[in-house]
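Coordinate inspection notes
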Amino acid sequence: MTHRDATGSRGTGPDRTERELREALSALADGVQAAPDAYRTARGEWLRRERRRRLVLAVLVMVVFALATLIGLWVLNQAPTDPGVIFSGTGSAAGASLPRPHP
């Protein structure tokens, strides 16, 4: 034995649900009145957000660039002060350069 709803199943399909939802949303949309300057206001807010986003991005790029420069200068400053092998200055000027191939 199957249980049946007391109200019956007449018109309780997906079509009815879709129709009632469409009617409810249509009634809701009909009651909405847009402000006369809504587009101008929304566009102004969007442009302000866009400018703010670009400004934040530019500041972030400058901070990263400055930080990379400072780190690079700090690393170069940590190099040893002794002249090392390459720049020892003990060889002659002619012997210091690489031999050139003769054609």
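Above this text is the structure in question.
Quick look at the structure, then. Keep in mind it's a predicted model, so treat the numbers as computed, not measured.

With that settled, the discussion passes to the overall build of the protein chain. The number of helices and strands found in the protein chain is three helices and zero strands. N-terminal to C-terminal, the α/β element order of the protein chain is α-α-α. Expressed as a percentage of its 103 residues, the buried residues of the protein chain come to 1%. For the protein chain, the accessible surface area stands at approximately 10,500 Å², while carbon and sulfur atoms represent 64% of it.

Among the surface-exposed residues, Leu55, Val59, Met62 and Val63 lie close enough to one another that they form a single nonpolar patch of about 390 Å² accessible area. Examined against the element boundaries, Val59 turns out to sit in helix H2 (residues 38–77).

Summed over all chains, the structure comprises five salt bridges. Salt-bridge contacts for Arg22 lead to Glu18; the nearest nitrogen and oxygen are separated by 2.7 Å. Placement of both Arg22 and Glu18 in helix H1 (residues 14–30) is noted, with a separation of four residues, approximately one turn of the helix. Taking relative accessible area as the criterion, Glu18 reaches 43% and is therefore assigned partly exposed. Ionic pairing is found between Arg19 and Glu23, a salt bridge with its closest N-O pair at 3.6 Å. One end of the pair is Arg19 and the other is Glu23, both in helix H1 and four residues apart, which spans about a single turn. Through salt bridges with shared partners, a single ionic network connects Glu50, Arg53 and Arg54.

Definitions and cut-offs
- Sequence order as written defines the numbering, with residues in each chain counted from 1.
- Reporting in this predicted model follows two pLDDT cut-offs: at least 70 for local features of residues, and 80 or more for side-chain atom pairs to be given and counted; totals over whole chains, interfaces and linings ignore these cut-offs and use all residues.
- Water and hydrogen atoms play no part in the side-chain values, which are based on all heavy atoms of the structure.
- Secondary structure follows DSSP: runs of H or I at least 4 residues long count as helices, runs of E at least 2 residues long count as strands, and numbering of each begins at the N terminus.
- For each residue, the accessible area found with a 1.4 Å probe, counting protein chains only, is set against the maximum for its type, and the residue is called buried under 20%, exposed over 50%, and partly exposed in between.
- Residue burial considers only the protein chains on display, and all accessible areas are found by Shrake-Rupley using a 1.4 Å probe.
- Patch membership requires over 30% relative accessible area and the absence of a salt bridge. Like charges are linked within 9 Å, and nonpolar side chains (Val, Leu, Ile, Met, Phe, Trp, Tyr) within 5 Å.
- Salt bridges are counted wherever a side-chain nitrogen of Lys or Arg sits within 4 Å of a carboxyl oxygen of Asp or Glu.

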